[in-house]
Amino acid sequence: MLKFQREAFVTDIFSILKSDHDLHRAMLAKIAETSGDTAERRDLFEAFRIEVTAHAAAEEQSLYATMLADPDLQDDGRHSVAEHKEIDDMLGELQETDMATGAWLTKFKEMRHRYEHHIDEEEEEMFPAAQEQFSRTKSMELGATFDRRKPAELEVAEASDNGDHKD
């Protein structure tokens, strides 16, 4: 199983999430360079699915749980959680589609576009809004929560067939 990791030195929630997003962009670019139903494409896609599924769950348990509790940030939090579900559904559809087909590539391009739009929106709109509301200490606490949750979420994502481990 391929393993990808972000830099370990980042500690506040926004830096951690941005670092993960940069990793995700790089993973998507590598998948896009593959063709057909090859071991490389399967391994890269599975590594991406596991990483993004764990990232989203840990993000929801740290940053978005806090945003949902803040009336000024609730709408942004709900919007992102809904987009996480949409991406998760698309990852499941990709798993069920033959990687050698044009349909897989079309679906992958759509998922990549939606995911990159999602993380750009988080970084450009949601994170700055949350940073205005949170103290530096709170941002560091949320980063620690994320870093505690993500390893457990990686295990859950690795054990699941489609990343859909939520009820």
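An unreviewed UniProt entry annotates the protein chain as Hemerythrin domain-containing protein originating from Sphingorhabdus contaminans.

Chemist: Any chance you could explain the environment of Arg42 here in plain terms?
Modeler: On the secondary structure map, Arg42 appears in helix H2 (residues 39–68). Expressed as a C-alpha distance, the spacing of Arg42 and Ile31, which sit 11 residues apart in the sequence, is 8.9 Å. Once residues within four sequence positions are removed from consideration, Arg42 is found in contact with Asp37 and Met99.

Chemist: Explain the environment of Gln74 to me, please; I cannot follow it from the model alone.
Modeler: Its place among the elements puts Gln74 in helix H3 (residues 74–96). When the C-alpha atoms of Gln74 and Tyr64 are compared, they prove to be 8.5 Å apart, with 10 residues separating the residues in sequence. The contacts of Gln74, once residues within four sequence positions are left out, are Met67 and Leu68.

Chemist: Is there a simple way to think about the packing of aromatic side chains in this case?
Modeler: Remark: the centre distance and the inter-plane angle together describe each pair of aromatic rings, the angle taken between the planes. For the structure shown, the criterion picks out five aromatic pairs. Between Phe14 and Phe134 the ring centres are 6.4 Å apart and the planes differ by 25°, which places this aromatic pair in the stacked class. Linking Phe14 in helix H1 (residues 13–32) with Phe134 in the loop between helix H4 (102–133) and helix H5 (136–159), this pair joins segments that are 120 residues apart in sequence. Its relative accessible area of 6% is what places Phe14 among the buried residues. Summarising the aromatic geometry, the rings of Phe48 and Tyr115 are spaced 5.9 Å apart at their centres and angled 85° between planes, so their arrangement reads as edge-to-face. Taken as a pair, Phe48 in helix H2 and Tyr115 in helix H4 lie far apart in primary sequence, 67 residues in all. Taking relative accessible area as the criterion, Tyr115 reaches 3% and is therefore assigned buried.

Chemist: Can you help me understand the environment of Thr38 in this one?
Modeler: Turning to its location among the elements, Thr38 is positioned in the loop between H1 and H2. For Thr38, a relative accessible area of 30% translates into the label partly exposed. Residues Thr38 and Ala100, spaced 62 residues apart in sequence, show a C-alpha to C-alpha distance of 8.1 Å. At a separation of 3.1 Å, a polar atom in the side chain of Thr38 contacts the main-chain amide nitrogen of Arg41.

Chemist: What's the story with the nonpolar core in this structure? I'm lost.
Modeler: Side chains of nonpolar character tend, in soluble globular proteins, to be buried together. Within the largest apolar cluster, 19 residues are counted, with the highest numbers of intra-cluster contacts made by Phe48, Met111 and Tyr115. The set of elements that each furnish at least two residues to this core consists of H1, H2, H3 and H4. Apart from the residues lying within four places of it in its own chain, the contact partners of Met111 are Leu28, Phe48, Ile87, Met90, Leu91 and Leu94. Grouped together as the second largest cluster of nonpolar side chains are 15 residues, Ile13, Tyr64, Met126 and Phe134 included.

Conventions we followed
- Residues numbered from 1 in each chain as written.
- Predicted model: local features only at pLDDT ≥ 70, side-chain atom pairs only at ≥ 80, totals over all residues.
- Heavy atoms only, no water.
- Helix = DSSP H or I, 4+ residues; strand = E, 2+ residues; numbered from the N terminus.
- Contact = heavy atoms within 4.5 Å.
- Phe/Tyr/Trp six-rings, centres within 6.5 Å; stacked < 30°, edge-to-face > 60°.
- Buried < 20%, exposed > 50% of the residue type's maximum accessible area, 1.4 Å probe, protein only.
- Polar contact = N/O pair within 3.5 Å; in protein donor to acceptor, adjacent residues only side chain to side chain.
- Core = buried A, V, L, I, M, F, W, Y, C linked by side-chain atoms within 4.5 Å.

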